[in-house]
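# Understanding the architecture of this molecule
Each chain, written out:
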Amino acid sequence: MSDNSSLRTPSQRIAWAATVVVSTLVFIFLMAPILAIMPLSFSSGSYLTYPLPGFSLRWYDDFISSPRWMNSLKNSMIIGIASTLLSMVLGTTAALGLAQWKSRFKPLVLAFVLSPVVVPGVITAVGLYFFFAPIGLTGSYLGLILAHTALATPFVVITVGATLQSFDTNLARAAASLGASPLQAFRRVILPLILPGLASGALFAFATSFDEVVIVLFMAGPEQRTLPREMFSGIRENISPTITAAAVILTTISVILLATLEALRRRNERLKGSGG
Amino acid sequence: MEAGTVMPAPALVRFSGIQKTYDGEHLVVKNLDLDIRKGEFITLLGPSGSGKTTTLMMLAGFEVPTHGEIYLSERPIKNVPPHRRDIGMVFQNYALFPHLTIAENIAFPLSVRKSSKAETQERVSAALRMIKMESLAHRRPGQLSGGQQQRVALARALVFNPQLVLMDEPLGALDKRLREQMQLEIKQLHETMGITIVYVTHDQSEALTMSDRIAVFNDGIVQQIDRPDALYEHPVNSFVAHFIGENNVLAGTVETVERDYCRVALAGGGTVAARAINVSGAGASTSLSVRPERVAIVPNGSSGEGPNRLPARVQNTIYLGDHALAVLDVADNAEFMVKLQPGAHHSLKPGESVFITFRPEDCLALDPV
Amino acid sequence: MTNALLTGANASTEVPLKRRLRRAERTRQAKALALVLPLLLFLLFTFAGPIAGMLWRSVEDWEVRQVLPQTVAALASWDGKDLPDEKAYAALASDILAARAAGTIAIAAKRLNYALNGFRTILTSTARNLKAVPEPGTAKETLGKINPAWRERATWTTIKDAGGPITGFYLLAALDLTRNADGAIVAAPPDQAIYRDIFLRTFLISLGVTVLCLILGFPVAYLLATLPPGKSNLLMIFVLLPFWTSLLVRTCAWIVLLQSKGVVNDSLLWLGFIDAPLRLIYNRFGVCVAMTHVLLPFMILPLYSSMKAISPAYMRAAASLGAPPLTAFLRIYLPQTLPGIGAGSLLVFILALGYYITPALVGGAADQMISYFIALYTTETANWGLASALGAVLLLATVLLALVYGKLVQGQQVTGGMKN
Ligand SMILES: Nc1ncnc2c1ncn2[C@@H]1O[C@H](COP(=O)(O)OP(=O)(O)OP(=O)(O)O)[C@@H](O)[C@H]1O
Ligand SMILES: [Mg+2]
């Protein structure tokens with residue numbers, strides 16, 4: 001707001017120019033890897049260098065026709081969707097409870113619920129590895145789903161909790177005073193208003209699981225390798241252009257998630273503009 | 001309290017011995033008996049925290065009375081859930097559904113009642129016409145001004161023809177001019193539609209201009225329920241006298257009581273005659289209440305020995321456009337206000353000694369503050 | 001008035017009413033807690049339990065106790081001053097024979113070898129050469145003949161120390177410490193004393209990455225907070241898109257960019273800035289670049305929100321009071337961003353401490369952080385005690401920093417509220 005109006009002295013203008021230049025460089029730094037890898041996936045050559053010898057979709061073809069890659073994509077989807085559903089159930093009920101629960105232990109419980117986000121992945125992974133191996137949960141989908149749910153639920157608790165907190169209980173009362181039964185009030189007023197929050201929570205949960213690799217490294221058998229896990233070995237062994245195709249596919253999924261999230265946020269913002 | 005002289009129409013709403021506590025320790029509503037007649041515009045007036053919203057919420061069904069019973073058309077409503085009470089409500093922050101358009105908001109009570117499409121459409125258009133917002137039907141609440149949102153909230157609460165409409169400080173968020181305009185509009189709606197309205201405010205002038213009757217709340221107790229003019233002219237205690245309109249207070253002790261009148265020795269010296277409204281008898285302390293417009297200033301040295309004639313000193317005068325005020329030092333009250341004609345304030349000089357007089361019937365002896 | 005009546009009515013109803021209300025409140029709270037409970041139980045099973053299990057492993061000592069039970073029992077009363085008595089030798093001989101039959105010698109040998117290099121050979125050679133239970137009274141002599149190490153006190157103290165059930169051995173080892181034959185805590189031998197270096201390296205890389213993030217993130221956050229919302233929302237995409245892109249994708253991209261035939265080297269060669277490709281990856285430089293890239297959004301976002309909360313009125317007030325722009329910035333603006341700087345830096349530092357994937361993929365052998373070794377000891381060498389002990393130290397550091405972070409963020413919310 002004050003960028004132009006307050007730049008009166010030359011030194012201020014220089015400082016502002018420096019900020020702009022440094023920021024531009026940082027933006028380039030942030031975007032460069034993503035932008036650099038995209039064209040390579042369309043290369044017709046098998047070296048990861050520029051200039052590209054030509055355009056082709058052979059690496060995407062390679063990805064699609066490789067049972068290994070396709071299996072990993074399928075695994076990522078299975079584990080991601082299952083842990084999203086489970087974490088939504090657990091996280092939403094917990095957020096509902098936490099919204100009403102008053103106790104001096106609440107900060108403690110909240111810290112505990114959110115701690116999976118902070119604890120280093122390797123520690124969680126090692127702990128789970130020791131804990132799940134004797135009960136046959138390593139090398140199984142169930143083990144991975146449970147582990148990813150633990151990592152994803154904090155995000156659900158945070159987003160759904162924030163939504164519930166900002167929900168105006170007067171709206172539910174208004175619906176009742178206008179003659180809506182509790183069920184009608186829930187379906188027609190409460191649900192449409194908290195749905196974006198629930199959806200954001202689900203997206204966060206899915207993204208968390210979809211991007212997770214440390215736990216998968218420790219716990220997945222050859223059958224359960226996910227897309228990031230496959231990329232991990234791909235990068236370790238040697239980077240073939242197929243990996244860049246996988247990277248582009250993963251990035252596309254991220255962009256879709258991000259765009260959905262942004263759309264939900266916009267919608268929420270627009271609705272919040274009322275009532276004041 | 002003031003017994004009705006004519007037997008009124010049967011009450012639409014009757015609060016009977018209502019008590020309410022949230023924490024089990026202190027009563028937010030202490031003992032509420034209140035009849036609301038059909039077609040009446042009744043206002044609950046009182047300072048913040050006096051239990052007005054709580055009373056309204058109990059009537060609407062969002063809070064349960066701790067004790068007592070509320071009757072709607074002579075039927076107890078303890079077990080009737082809010083959505084079956086058929087009571088329209090305008091919330092303080094309007095509570096318009098942000099995800100629905102204006103038209104959808106107004107149609108909501110009709111559609112949950114499964115009205116036919118044609119009827120819904122017709123009544124929604126009528127309601128929009130009533131609030132003069134046909135052109136904004138497809139906007140969302142977030143795109144409206146405060147006053148427009150207020151109108152929509154009103155239309156939504158009225159569109160299903162509820163037997164009773166509750167309004168909790170509906171104009172609290174509006175600026176003064178818009179507030180006054182909306183007061184008129186609401187009053188007009190009340191008159192043309194013949195609905196019963198329970199209105200909550202802590203703005204006394206709003207209450208005075210709009211209401212048929214006002215219930216003055218303080219500390220969980222209804223201090224007085226009466227017509228606006230009766231409240232102003234015949235307050236039953238110091239709180240009401242103080243809360244409604246401008247008011248001068250003089251502390252004193254009752255000397256003698258004679259039927260409706262008493263003689264009071266002022267704490268600051270002198271004695272006056274006053275109407276005995278709320279005094280227990282000779283020897284009791286009391287506070288006298290005198291309205292600024294019922295006091296006359298007589299210049300020093302002028303003749304005449306009125307019954308209530310007290311020496312005063314002019315502190316200063318305040319010009320207020322349509323009238324002026326003189327601030328006097330009278331007995332123990334250093335901020336005694338007297339209403340003057342606009343020109344009259346020039347003749348009073350700060351520091352000047354004058355006399356004030358008022359009629360005994362304009363001076364009320366009430367409970368000590 | 002009616003007041004007297006009223007208080008009378010209250011007095012008679014107040015007590016049961018209060019109790020009734022309290023009971024209703026308790027039921028409500030119990031219901032609320034019941035909703036949280038499933039998640040708590042779930043996390044107990046999938047998170048807290050496993051981590052507690054790991055912590056237990058860092059102090060548990062079961063191998064020797066299980067494989068050589070009689071020896072451990074016999075050594076319980078040994079004072080450790082001289083060699084143990086004949087009874088202990090006899091117990092050892094019998095344990096070794098039993099363990100050979102059960103095939104469990106290697107388990108104990110591995111554990112004892114951690115404590116004393118060469119113990120594996122002592123135990124396996126003894127197991128190989130011990131033909132039968134020695135005649136009563138000859139066990140000491142027989143074992144001493146098979147391997148002279150049995151005549152040394154240190155051999156026996158090692159067994160006694162490893163006798164369990166709990167031990168400080170792994171935790172001490174994680175800090176480059178050990179117990180000598182007399183039980184005193186001393187520095188570990190140099191060839192085993194590598195963990196302090198690794199912790200220091202982890203700390204330095206995290207610190208470096210944090211500082212880099214702060215230097216790069218501050219101007220960006222400032223720009224985003226100062227620009228009008230339309231522009232800043234657009235530029236925010238450049239921060240959020242990398243943030244949402246898979247870690248593996250970004251790491252992979254950095255390899256493509258930085259490898260010797262990568263995009264950066266090619267461009268530099270083409271431009272003539274260098275004659276031979278620079279080594280930009282599989283070293284500390286690559287680790288720092290990739291980690292900074294991954295963690296930068298975690299710095300920018302808290303900084304941005306703390307800067308966004310600073311009303312421009314403060315700077316205008318400072319200017320109107322005669323402060324030149326730089327002074328106003330340093331004395332009015334910067335102090336108000338400190339909570340944001342603190343929160344962002346701590347967050348980045350905490351996350352960096354536990355990093356595993358990025359250093360593992362773009363670092364050289366000398367750039368691996370503590371998580372790498374935890375993983376290594378868990379999956380490759382199966383030295384679970386040491387892996388757990390290193391994990392315990394890392395967890396402790398993380399938890400302490402997270403507590404500080406929690407306090408900081410909480411304080412920020414309070415002041416943030418007061419600013420409005
Ligand atoms: N849900 C609640 N839980 C506990 N106490 C409450 C609750 N709602 C109101 N109170 C308390 O009850 C008292 C009366 O509140 P109420 O909202 O009825 O006042 P009010 O007259 O509407 O005031 P205002 O003019 O400020 O709106 C206050 O002291 C308030 O703190
Ligand atoms: Mg209120």
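Given the structure is predicted, the values throughout are model-derived calculations rather than measurements.

## Quick word on the overall build of chain B
In terms of helices and strands, chain B carries eight helices and 20 strands. Overall size of chain B, expressed as C-alpha extent along the three principal axes, is 80 × 45 × 40 Å. Out of the 369 residues belonging to chain B, those deemed buried represent 51%. For chain B, the accessible area works out to roughly 16,600 Å², and carbon and sulfur atoms hold 51% of it. Looking at charge distribution, chain B has the averaged site of its 36 positive side-chain charges lying 7 Å from that of its 41 negative ones.

## Section: the site of ligand 1
Taken together, B:Y22, B:V28, B:P47, B:S48, B:G49, B:S50, B:G51, B:K52, B:T53, B:T54, B:E169 and B:H202 make up all the residues around ligand 1. Bound to the protein, ligand 1 loses 59% of the 630 Å² it would expose on its own.

## Thoughts on the domain arrangement of chain C
All names here are of chain C. According to the domain assignment, chain C contains domain 1 (1-57), domain 2 (63-187) and domain 3 (195-414). Inter-centroid distance (C-alpha atoms) of domain 2 to domain 3 is 49 Å. Facing nine residues of domain 2, the contacting portion of domain 3 comprises twelve residues. Surface buried jointly by domain 2 and domain 3 totals about 820 Å² across both partners, of which 60% is contributed by carbon and sulfur atoms. For the domain 2 face of the interface with domain 3, the top three residues by lost area are Y170, A174 and D176, together amounting to 50%.

## Things to note about the UniProt feature "transmembrane region" (unreviewed entry) in chain C
Residues and elements named next belong to chain C. According to UniProt, the "transmembrane region" (unreviewed entry) feature falls on residues 32-56, 88-109, 203-225, 237-260, 281-301, 313-334, 346-366 and 386-405. Secondary structure across residues 281-301 comprises 86% helix and 0% strand; the distance between its end C-alpha atoms is 28 Å. Helix makes up 100% of residues 386-405 and strand makes up 0%, while its end C-alpha atoms are separated by 28 Å.

## Details of helix 5 (residues 176-193) of chain B
All names here are of chain B. Between its first and last C-alpha, helix 5 extends 26 Å over 18 residues, near the 26 Å set by a 1.5 Å rise per residue. For helix 5, the full list of buried residues reads M182, Q183, I186, K187, L189 and H190. The arc that holds the buried residues of helix 5, viewed along the axis, is 155°, so those residues lie on one side. Exposed side chains of helix 5 directed beyond 90 degrees from the buried face belong to R177, L184, Q188, E191 and T192. Capping the start of helix 5 is the job of one residue whose side-chain oxygen sits 3.2 Å from the backbone nitrogen of R177: D175.

## Let's talk about the interface of chain B and chain A
Taken together, the 28 residues of chain B in the interface contact 24 residues of chain A. Roughly 2,300 Å² is buried in total at the junction of chain B and chain A, and carbon and sulfur atoms are behind 62% of that figure. Where chain B meets chain A, there are one salt bridge. In this structure, the salt-bridge partner of A:R173 is B:E63, at a minimum N-O distance of 3.6 Å. One can count five residue pairs in polar contact (both at pLDDT 80 or more) joining chain B with chain A. At the level of secondary structure, the elements contributing two or more residues to the side of chain B that touches chain A comprise strand 6 (87-90), helix 2 (102-112) and helix 4 (146-158) of chain B. Among the elements that line the side of chain B that touches chain A, the one with the most residues is helix 2 of chain B, at four residues. Its residues assigned to classes, the side of chain B that touches chain A shows 16 nonpolar, seven polar and five charged.

## Some thoughts on the packing of aromatic side chains
Tallying each qualifying case throughout the model produces 32 aromatic pairs over all chains. The interplanar angle of 40° and the centroid separation of 5.4 Å between the aromatic rings of B:F41 and B:Y199 together place this pair among those described as tilted. One end of the pair, B:F41, is in strand 3 (residues 41-45); the other, B:Y199, is in strand 8 (residues 196-201), with 158 residues separating them in the sequence. Neither residue differs from the other here; B:F41 and B:Y199 are each classed as buried. Aromatic side chains C:Y222 and C:Y333 sit 5.5 Å apart centroid to centroid with 85° between the ring planes, which places their arrangement in the edge-to-face category.

## What to know about the sheet that holds strand 4 (residues 67-72) of chain B
Residues and elements named next belong to chain B. Strand order in the open sheet formed by four strands is 2-1-4-5, with antiparallel pairing between adjacent strands. The sheet is open, and its two borders are formed by strand 2 (27-37) and strand 5 (75-76), each paired with just one other strand. Here five bridges tie strand 1 (residues 11-21) to strand 4, and the two strands are oriented antiparallel to one another. The residue of strand 4 that forms the bridge with R14 is Y71. Where helix 1 (residues 52-60) meets the sheet, it contacts strand 1, strand 2 and strand 4, and its direction lies at approximately 120° from that of strand 1.

## Here's the deal with the interface of chain C and chain A
Across the boundary between the two partners, chain C contributes 78 residues, which contact 82 residues of chain A. For the pair chain C and chain A, the summed buried surface comes to about 7,300 Å²; carbon and sulfur atoms form 83% of the total. Of all residues in chain C, C:L39, C:F47 and C:W244 bury the most surface against chain A, accounting for 10% of the area lost on that side. On inspection of chain C and its partner chain A, the count reaches one salt bridge. Its salt-bridge partner being C:E25, residue A:K102 comes within 3.6 Å of it at the nearest N-O pair. Linking chain C with chain A are seven residue pairs in polar contact (both at pLDDT 80 or more), by the criterion used here. No other element matches the 21 residues that helix 1 (residues 2-57) of chain C contributes to the side of chain C that touches chain A. By residue class, the composition of the side of chain C that touches chain A is 57 nonpolar, 17 polar and four charged.

## Digging into unusual backbone geometry
In this structure, B:N161 takes a positive phi of about 50° despite not being glycine. Topologically, B:N161 is positioned in the loop between helix 4 and strand 7 (164-168). Positive phi outside glycine occurs at C:D176, with the angle close to 65°. As for its position among the elements, C:D176 is in the loop between helix 9 (169-174) and strand 1 (177-179). A relative accessible area of 6% means that C:D176 is categorised as buried.

## Examining a positive patch on the surface
Taken together, the side chains of C:R19, C:R20, C:R22, C:R23 and C:R26 present a region of like positive charge at the surface. Mapped onto the elements of the fold, C:R19 is located in helix 1.

## A look at helix 11 (residues 229-244) of chain C
Residue and element names in this part refer to chain C. For helix 11, built from 16 residues, the straight-helix expectation of 22 Å at 1.5 Å per residue is met to within 8% by its first-to-last C-alpha distance of 21 Å. Its maximal kink placed at F238, helix 11 deviates by approximately 30°, while the proline P242 follows within four residues. Listing the buried residues of helix 11 in full gives S232, M236, V239, L241, P242 and W244.

## Remarks on the side chain of A:S83
All names here are of chain A. Tracing the sequence through the fold places S83 in helix 3 (residues 67-100). Classification of S83 by relative accessible area gives buried; the value is 0%. Within the structure, the side chain of S83 is placed 3.4 Å from the backbone oxygen of G80, a separation counted as a polar contact. Residues within four places of S83 in sequence aside, it is in contact with I145, H148, T149 and S209.

## What to know about the packing of helix 4 (residues 106-118) of chain A against helix 6 (residues 141-166) of chain A
The angle between the axes and the distance between the axes are what describe a pair of packed helices. All names here are of chain A. Put simply, helix 4 and helix 6 touch, their axes get as near as 8 Å, and they point 125° apart. Judged by the angle between their axes, helix 4 and helix 6 are oblique. The hand of the helix 4/helix 6 crossing is left-handed. Where helix 4 approaches helix 6, its residues V113, L114, P116 and V117 are matched on the opposing element by A150, L151, P154, F155, V157 and I158. Taken together, the residues of the contact of helix 4 with helix 6 sort by class into ten nonpolar, no polar and no charged.

Calculation rules
- Residues numbered from 1 in each chain as written.
- Chains lettered and ligands numbered in written order.
- Predicted model: local features only at pLDDT ≥ 70, side-chain atom pairs only at ≥ 80, totals over all residues.
- Heavy atoms only, no water.
- Helix = DSSP H or I, 4+ residues; strand = E, 2+ residues; numbered from the N terminus.
- Buried < 20%, exposed > 50% of the residue type's maximum accessible area, 1.4 Å probe, protein only.
- Areas by Shrake-Rupley, 256 points an atom, 1.4 Å probe, with all protein chains shown as cover.
- Lys, Arg positive; Asp, Glu negative; His and termini not counted.
- Charge placed at Lys NZ, Arg CZ, Asp CG, Glu CD.
- Near = heavy atom within 4 Å.
- Domains from an automatic or database assignment.
- Contact = heavy atoms within 4.5 Å.
- Buried area = accessible area lost by both parts, 1.4 Å probe.
- UniProt positions renumbered as here; feature names shortened; annotations may be inferred.
- Expected span 1.5 Å × (residues − 1).
- Arc of directions from axis to C-beta.
- Polar contact = N/O pair within 3.5 Å; in protein donor to acceptor, adjacent residues only side chain to side chain.
- Salt bridge = Lys/Arg side-chain N within 4 Å of Asp/Glu carboxyl O.
- Nonpolar A, V, L, I, M, F, W, Y, C, P; charged D, E, K, R; others polar.
- Phe/Tyr/Trp six-rings, centres within 6.5 Å; stacked < 30°, edge-to-face > 60°.
- Pairing = 2+ DSSP bridges.
- Axes fitted to C-alpha atoms, helices over the stretch in contact; angles between N-to-C directions.
- Patch = residues over 30% accessible without salt bridge, like charges linked within 9 Å, V, L, I, M, F, W, Y side chains within 5 Å.
- Bend = angle between axes of the 7 residues up to and from the residue.
- Parallel < 35°, antiparallel > 145°, perpendicular 65-115°, else oblique.
- Left-handed = near helix turned anticlockwise from the far one by under 90°.

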